[in-house]
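What follows is the residue order along each chain.
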Amino acid sequence: MKDTRRARMSLGLLLAAALVVMTVDHRAGGESPFGPLRGVGTALFGTAESAGADVIRPVGQFFETMVGAPDAQRRIDALSAENQRLKRDLVAQSLDQRHSAELRRLLGVAGTAGYRIVPAQVIARRGTPGFEEAVELDVGSADGVRSEMTVLNGDGLVGRVVQVGASTSTVVLLSDPASAAGARMEGSNEIGVVHGVGENGRLVRFRLLDSTAQIVPGRRILSFGSQRGVPYVAGVPIGVVERVEATPGELTRIAYARPYADLTALDVVGVVVQSPRRDPRDAVRPGAPRKPGPSPKPEALRGPGAERKGI
């Protein structure tokens, strides 16, 4: 009880002293004798307040981030999805432009030569009984395609149709070892036969029937055409002679030509459903040949089955 009364008296005196000090400091203004003490207190308590704020601020930011995390993740997911969509649109646009350019070249060739064609797209590379190199097209009998029709693209001869379904068809490529097509040298009547030699279509073999005819690298060859245009129509660019083999004493001459059509990367092609009334001859001028790649080995060029099929 005694201690409690003394504590109350001490507290009262302290409060009274504090009031006196505050009154004197307020009335004295800038000349207050307590100015230095007020400055020290401000510095001490200001530092403590600043330190406390530095400790509390990251904690507050952490809780704000946790509260806003779902919205932020949704925004990130939305931006990622939009980015993927834009990438797909860009790829699709690029493909459409490429397809349009190939189709324009194809229609230009067909229009110049007078071929009536059905445009198609290669949808698969596949093997078929009796042939090693063949592709599948997205057109068939419902589109007017029949077996033994010529297939070409905007660069040159591709091959011929060998199987037809309602909505798809199979084309054996000119590069297949079992493939053969009548051909002639541009600007002349010198004729021969082009055989595939495999090796992904990098080269085809041209057997010139007249062993005395002049043939040198750089000469261009075109399809000679079959009877009634089946299976090959006339005037389609085939390729450019790259090298000539020495064949002393033989009745024919042999050269190897690089095809104009890139038979390893076919996309837009055309099936010739009606050949022109007149041989277009050299009306379809071949463009620059594809950049040469590594040539097949001689033994590969003479692989088995190269002459299983006639013209």
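Structure's up top.
Structure report, in brief. For clarity, every value in this text was computed on a predicted model and none was experimentally measured. (Residues numbered from 1 in each chain as written. Predicted model: local features only at pLDDT ≥ 70, side-chain atom pairs only at ≥ 80, totals over all residues. Heavy atoms only, no water.)

1. Details of the overall build of the protein chain
Then, in step 1: For the protein chain, the helix and strand inventory stands at 3 helices and 12 strands.
Then, in step 2: Counting all 311 residues of the protein chain, 37% fall into the buried class.
Then, in step 3: In the protein chain, 64% of the contacts between residues at least 6 apart in sequence involve partners at least 24 apart.
Then, in step 4: On the protein chain, roughly 18100 Å² of surface is accessible, and the fraction owed to carbon and sulfur atoms is 58%. (Helix = DSSP H or I, 4+ residues; strand = E, 2+ residues; numbered from the N terminus. Buried < 20%, exposed > 50% of the residue type's maximum accessible area, 1.4 Å probe, protein only. Contact = heavy atoms within 4.5 Å. Areas by Shrake-Rupley, 256 points an atom, 1.4 Å probe, with all protein chains shown as cover.)

2. Looking at the side chain of arginine 160
Then, in step 1: For arginine 160, the location among the structural elements is in strand β4 (residues 157-164).
Then, in step 2: In terms of polar contacts, arginine 160 uses its side chain to reach the side chain of glutamate 148, at 2.8 Å. (Polar contact = N/O pair within 3.5 Å; in protein donor to acceptor, adjacent residues only side chain to side chain.)

3. Re the pairing of strand β7 (residues 191-196)
Then, in step 1: Of all the 6 residues making up β7, 5 are buried; the element is thus mostly covered by neighbouring parts of the structure.
Then, in step 2: Bridging between strand β6 (residues 180-185) and β7 involves 5 bridges; their strand directions are antiparallel. Paired with alanine 180 across the bridge in β7 is histidine 195.
Then, in step 3: Examined bridge by bridge, β7 and strand β8 (residues 204-208) share 5 bridges and lie antiparallel to one another. Across the sheet, the residue bridging to histidine 195 is arginine 205, located in β8. (Pairing = 2+ DSSP bridges.)

4. So, the environment of serine 179
Then, in step 1: Within the fold, serine 179 resides in the loop between β5 (169-173) and β6.
Then, in step 2: Accessibility expressed as a relative area gives 0% for serine 179, which makes it buried.
Then, in step 3: For the pair serine 179 and valine 194, spaced 15 residues apart in sequence, the C-alpha separation works out to 8.2 Å.

5. Comments concerning the nonpolar core
Then, in step 1: Formed by 47 residues in total, the largest nonpolar core has its most connected members in Tyr115 and Leu137.
Then, in step 2: Other than its neighbours up to four places away in sequence, leucine 137 contacts Ala120, Gln121, Val122, Ile123, Ser167, Thr168, Ser169, Val171, Val269 and Val271. (Core = buried A, V, L, I, M, F, W, Y, C linked by side-chain atoms within 4.5 Å.)

6. Overview of the sheet that holds strand β3 (residues 150-152)
Then, in step 1: With antiparallel pairing, the 6 strands of this closed barrel are ordered in space as β1-β2-β5-β4-β3-β12. Within this sheet the neighbouring strands show an average axis-to-axis angle of 45 degrees, counted without direction.
Then, in step 2: Summarising the sheet, strand β1 (residues 116-128) and strand β12 (residues 268-274) pair through 6 bridges and their orientation is antiparallel. Along β12, the bridge assignment pairs arginine 116 with glutamine 274. (Axes fitted to C-alpha atoms, helices over the stretch in contact; angles between N-to-C directions.)

7. Side note on the side chain of serine 188
Then, in step 1: Here serine 188 is to be found in the loop between β6 and β7.
Then, in step 2: A distance of 3.3 Å separates a polar atom in the side chain of serine 188 from the backbone nitrogen of glutamate 190.
Then, in step 3: Those residues in contact with serine 188, other than ones at most four positions away along the chain, are Arg219 and Arg281.

8. Focus: the environment of aspartate 138
Then, in step 1: By secondary structure assignment, the location of aspartate 138 is in the loop between β2 (131-137) and β3.
Then, in step 2: In this structure aspartate 138 comes out as partly exposed when scored by relative accessible area, which is 35%.
Then, in step 3: For the pair aspartate 138 and isoleucine 123, spaced 15 residues apart in the sequence, the C-alpha separation amounts to 6.4 Å.
Then, in step 4: In this view, aspartate 138 contacts Ala120, Gln121, Ile123, Asp143 and Ser167; residues no more than four positions away in its chain are not counted.

9. As for the sheet that holds strand β9 (residues 220-223)
Then, in step 1: With respect to topology, 6 strands assemble into a closed barrel ordered β6-β7-β8-β11-β10-β9, the strand pairing being antiparallel. With strand direction ignored, the average angle separating the axes of adjacent strands in the sheet is 40 degrees.

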